[in-house]
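Now for the letters of each chain:
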Amino acid sequence: MNLNEKIKILSDSAKYDVSCSSSGSSRKNKKGGIGNAAPSGICHSWTPDGRCISLLKILLTNYCIYDCKYCVNRSSNDVPRAAFTIDELVNLTINFYRRNYIEGLFLSSAVCVSPDHTMELLLKSVKRLREEVNFNGYIHVKAIPGASNKLIEETGKYVDRMSVNIELPSGESLKLLAPQKTKESIIKPMGLIKSGIIQYQEEKLKFKSTPQFVPGGQSTQLIVGATKDNDLKILKLSESLYSSYKLKRVYYSAYVPVSNHPNLPAISGPPLLREHRLYQADWLLRFYGFNSGELLNEENPNFDELLDPKSGWAIRNLDKFPVEVNKADYYTLLRVPGIGVKSAQRIVQGRRVSMLDFDDLKKLGIVLKRAKYFITCKGRYFPQKSIPTNAVSIKNRLLLEDNIKNRGNIEQLSIFSLFPGIMDGEF
Amino acid sequence: MLYYIYDGSFDGLLTAIYDAYYNKDFPEQIVPQDSFTDNFLISKVYIRTEEEKSKKVHDAVLQKISRRAMAGIMYAYLSEDENAGISILEYLRFGFKVGRTVDSYLADDRVNNINRLVTKVAREKHLLAGIIRFRLLHNNIYYAPIEPQYNTLCLLGKHFADRMSDQIFVIHDVKRSYGVFYDKTKWFMSDIEMNKDIVLHENELFYQELWKRYFDNITIKSRINPKLQSNHMPKKYWKYLIEMK
């Protein structure tokens with residue numbers, strides 16, 4: 001089989017992995033070597049689905065011994081199979097890198113022969129890249145659940161990021177769709193990578209020459225919409241992954257129907273809006289000081305698809321608003337809908353030298369579309385006729401403005417669910 | 001209307017700043033000679049570039065304002081915006097007055113005008129670090145043509161020299177007819193005159209095909225969103241992208 005066909009088969013099955021990030025590592029090039037990592041990460045292209053290409057995201061092989069129902073590579077699926085030789089893979093990576101097509105390699109694999117056999121192949125590939133070809137660009141490798149500790153630890157010395165995909169957010173869902181995998185087999189390598197990273201960080205304090213171990217951190221992926229798990233369950237899981245397993249990122253992947261097994265839901269397209277809301281909430285956990293309990297609870301276990309999670313929280317907590325821009329501390333500003341990390345930093349910096357009014361905020365590049373319902377400047381609301389102050393009207397305004405902007409983008413909605421205010425005589 | 005006209009170099013611009021300060025002039029515009037169009041209302045002062053004056057301004061900015069301010073006016077200059085020259089003068093006047101806190105005045109137009117230009121240039125620089133595409137030529141030189149909107153190429157020399165430290169390369173700004181060269185030891189800039197056709201290495205098209213194949217394949221068809229794609233990667237940059245041809 002020629003390289004062209006192999007690429008087709010092995011990239012096709014890798015594309016549902018959403019992670020393509022090349023950030024978080026500052027690996028330097030060595031003398032006469034090729035490649036380095038950029039801490040900010042660099043995107044090299046964008047595909048027609050709008051996703052960034054940073055890494056060459058590819059499987060070593062798609063021959064698989066497992067039969068997970070949600071996966072294109074399940075052993076019972078009749079798809080063409082292929083495997084790279086290590087030489088082919090190394091050659092491809094280097095030639096793409098030299099042309100500046102990519103920032104590095106994201107190497108994954110189906111489980112071929114056994115977890116140990118597969119992990120060994122992955123290790124050999126990255127070792128060849130680092131030691132023989134002197135490649136110092138970004139490498140992200142999948143840890144194969146069930147592989148031995150020694151192999152996973154050894155691999156960690158050569159790569160910038162490692163990940164284990166959880167895919168299904170609960171034990172029940174695993175049983176239903178991936179009966180050959182267990183929760184334990186997934187969690188074990190995550191714990192191993194975590195302690196490797198911690199050990200490295202501690203030793204580095206003592207010995208500067210400590211060899212790196214997964215400097216870009218650990219990540220994982222959860223599939224959204226293939227099972228009945230609600231947003232609260234997913235978000236709680238992410239929260240504990242960030243706190244207990246020190247993960248760098250959790251990715252969410254809207255389930256793209258790749259099979260019509262009776263255990264899977266019949267859906268027309270991937271639940272993109274739901275995925276988007278989870279990402280927004282994930283950001284709120286990591287950078288905005290929110291916890292999952294503030295965003296969702298047992299009575300409301302799913303996000304309002306129409307309203308972003310922060311606006312939703314603000315409307316439920318109107319007693320905390322309006323916030324005076326010139327006085328509120330940084331973390332209070334971060335909780336204002338429409339004000340992000342950059343905006344909050346600018347406000348804090350800008351008000352050091354003068355009191356800010358709404359015109360100033362605009363000059364600082366702060367978007368007032370959402371924020372204007374929740375802030376005052378020098379004690380005054382935004383100068384516009386009737387800024388509403390009750391929950392129902394604010395919500396209606398936000399929905400209205402969103403809908404005007406995104407007309408056609410949102411799935412079809414009934415007029416009444418969009419404007420409940422009409423029924424209440426609020427509008 | 002008083003116009004300062006300089007030779008287009010950064011040294012020339014800094015010399016103009018120096019002269020405006022010491023002649024106590026308040027020019028309406030500071031423009032490079034190439035983009036200057038005369039009319040009879042304009043009184044012109046031609047600036048003679050002097051490295052000594054330029055260095056004095058440079059040192060004063062570092063000493064009395066900040067390193068960040070120096071980088072800021074450099075980026076603003078590279079934006080080639082028609083008002084860049086005068087914006088830089090106004091920003092520096094303000095900066096010399098308030099000192100290192102100048103960049104806290106985010107809502108002040110003098111600061112804001114510079115910041116807007118800096119953002120544009122910095123954004124393009126980061127984008128180009130990703131979307132420059134090298135082609136291997138028959139003589140084993142990696143060659144990348146590109147037409148940046150701003151004059152950002154000179155900001156990328158170090159990035160690529162660090163990264164591709166064992167390959168000879170040229171990045172060619174086709175619009176401005178100059179390039180960044182790297183010879184495995186150091187990088188430098190030089191004018192480029194193209195008088196010969198480019199001859200590709202015999203393997204080049206093979207890898208271009210593989211890349212295109214990969215690009216087409218990695219797209220998830222049920223998530224197609226071309227608008228999002230061109231938001232991230234504006235169409236004006238597609239001309240030299242292998243995968244967009």
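Source: prediction; values computed, not measured.

Helices and strands together make up the secondary structure of chain B, namely 8 helices and 8 strands. C-alpha atoms of chain B, sized along the principal axes, occupy 65 × 45 × 40 Å. Counting the 245 residues in chain B, one finds 51% classified as buried. Of the roughly 12600 Å² of accessible surface on chain B, a fraction of 50% belongs to carbon and sulfur atoms. Once the 35 positive and 32 negative side-chain charges of chain B are each reduced to a mean point, those two points are 6 Å apart.

Residue and element names in this part refer to chain A. The domains assigned to chain A are domain 1 (3–295) and domain 2 (309–424). Computed from C-alpha coordinates alone, the two centres of domain 1 and domain 2 are separated by 36 Å. Counting residues at the interface gives 11 residues for domain 1 and 10 residues for domain 2. Taking both partners together, domain 1 and domain 2 bury about 950 Å²; carbon and sulfur atoms supply 63% of that area. Considering only the side of domain 1, the residues that lose the most area to domain 2 are Tyr288, Phe290 and Glu294, jointly responsible for 51% of the buried surface there. Counting every contact that joins domain 1 to domain 2 gives 1 salt bridge.

Residue and element names in this part refer to chain B. Taken domain by domain, chain B comprises domain 1 (2–123) and domain 2 (132–244). Each of domain 1 and domain 2 has a C-alpha centre, and these two points are 32 Å apart. Counting from both sides, the interface comprises 6 residues of domain 1 and, opposite them, 7 residues of domain 2. Counting the contacts that link domain 1 with domain 2 gives 1 salt bridge.

Residue and element names in this part refer to chain A. For chain A, the average pLDDT comes to 88, and 94% of its residues sit at 70 or higher. Across chain A, helix H2 (residues 86–98) holds the top mean pLDDT of 97, while helix H17 (residues 420–424) sits lowest at 32. Note on residues 407–427: pLDDT under 50 across the span, and 26 contacts to partners over four residues away in sequence or across chains.

In this section: the sheet that holds strand E3 (residues 55–59) of chain A. Strands belonging to one sheet form pairs held by backbone hydrogen bonds; the direction of such a pair is parallel or antiparallel. All names here are of chain A. Spatially, E3-E4-E5-E6-E7-E8 is the arrangement adopted by the 6 strands of the open sheet, whose pairing is parallel. Only two strands of the sheet have a single partner each, and these edge strands are E3 and strand E8 (249–254). Ignoring which end each strand starts from, the neighbouring axes of this sheet average 20° apart. Bridge count between strand E6 (residues 161–163) and strand E7 (residues 218–224): 2 bridges; the pairing is parallel. By the bridge assignment for E7, Ser163 is matched with Ser219.

Below, the discussion takes up the pairing of strand E1 (residues 2–6) of chain B. All names here are of chain B. Of all 5 residues that make up E1, 4 are buried, and the element is covered over most of its length. Pairing between E1 and strand E3 (residues 43–46): 4 bridges, direction parallel. Counted as the bridge partner of Ile5 is Tyr46 from E3. Examined bridge by bridge, E1 and strand E2 (residues 29–32) share 4 bridges and lie parallel to one another. Within the sheet, the bridge partner assigned to Ile5 lies in E2 and is Val31.

Right, let's talk about the side chain of Asp308(A) for a bit. Residue and element names in this part refer to chain A. Structurally, the position occupied by Asp308 is in the loop between helix H9 (292–295) and helix H10 (309–316). A polar contact is formed between the side chain of Asp308 and the side chain of Arg370, at a distance of 2.6 Å. With sequence-adjacent residues up to four places away left out, Asp308 is seen in contact with Arg277, Gln280 and Arg370.

Once that is clear, we can look at the sheet that holds strand E8 (residues 187–191) of chain B. Residues and elements named next belong to chain B. With respect to topology, 5 strands assemble into an open sheet ordered E4-E5-E6-E7-E8, the strand pairing being mixed. Among the strands making up the open sheet, the edge pair consists of strand E4 (135–136) and E8. In this structure, strand E6 (residues 169–173) lies alongside strand E7 (residues 178–182), joined through 5 bridges in antiparallel fashion. Bridge pairing in E7 links Phe169 to Tyr182.

Frequently, the measure chosen for interface size is the accessible area that the parts lose on association. Each partner contributes residues to the interface: chain B has 50 residues there, and chain A has 57 residues. When the two sides are added together, the surface that chain B and chain A hide from each other amounts to roughly 4800 Å², 56% of it contributed by carbon and sulfur. Across the chain B-chain A interface, the total number found is 5 salt bridges. Taking the shortest distance from any N to any O, the salt bridge between Glu204(B) and Arg99(A) comes out at 2.8 Å. Summed over the shared surface of chain B and chain A, the number is 28 residue pairs in polar contact (both at pLDDT 80 or more).

This next bit is on the state of the cysteines. Residue and element names in this part refer to chain A. Throughout the structure, instances matching the rule amount to 0 disulfides over all chains. No disulfide involves Cys112; its nearest neighbouring cysteine sulfur is the one of Cys64, lying 8.8 Å away. A relative accessible area of 16% means that Cys112 is categorised as buried.

With that settled, consider the side chain of Asn165(A). Residue and element names in this part refer to chain A. As for its position among the elements, Asn165 is in the loop between E6 and helix H5 (171–177). Here Asn165 falls in the buried class, since its relative accessible area comes to 11%. Among the polar contacts made by the side chain of Asn165, one reaches the side chain of Glu167 at a distance of 3.2 Å. Reaching out from Asn165, the side chain makes a polar contact with the backbone nitrogen of Gln221 at a distance of 3.5 Å. Those residues within four positions of Asn165 in sequence are excluded, and the remaining contacts are Asp17, Lys142, Ile186, Thr220 and Gln221.

Rules used in this analysis
Residues numbered from 1 in each chain as written. Chains lettered and ligands numbered in written order. Predicted model: local features only at pLDDT ≥ 70, side-chain atom pairs only at ≥ 80, totals over all residues. Heavy atoms only, no water. Helix = DSSP H or I, 4+ residues; strand = E, 2+ residues; numbered from the N terminus. Buried < 20%, exposed > 50% of the residue type's maximum accessible area, 1.4 Å probe, protein only. Areas by Shrake-Rupley, 256 points an atom, 1.4 Å probe, with all protein chains shown as cover. Lys, Arg positive; Asp, Glu negative; His and termini not counted. Charge placed at Lys NZ, Arg CZ, Asp CG, Glu CD. Domains from an automatic or database assignment. Contact = heavy atoms within 4.5 Å. Buried area = accessible area lost by both parts, 1.4 Å probe. Salt bridge = Lys/Arg side-chain N within 4 Å of Asp/Glu carboxyl O. pLDDT = per-residue confidence, 0-100. Pairing = 2+ DSSP bridges. Axes fitted to C-alpha atoms, helices over the stretch in contact; angles between N-to-C directions. Polar contact = N/O pair within 3.5 Å; in protein donor to acceptor, adjacent residues only side chain to side chain. Disulfide = S-S within 2.5 Å.

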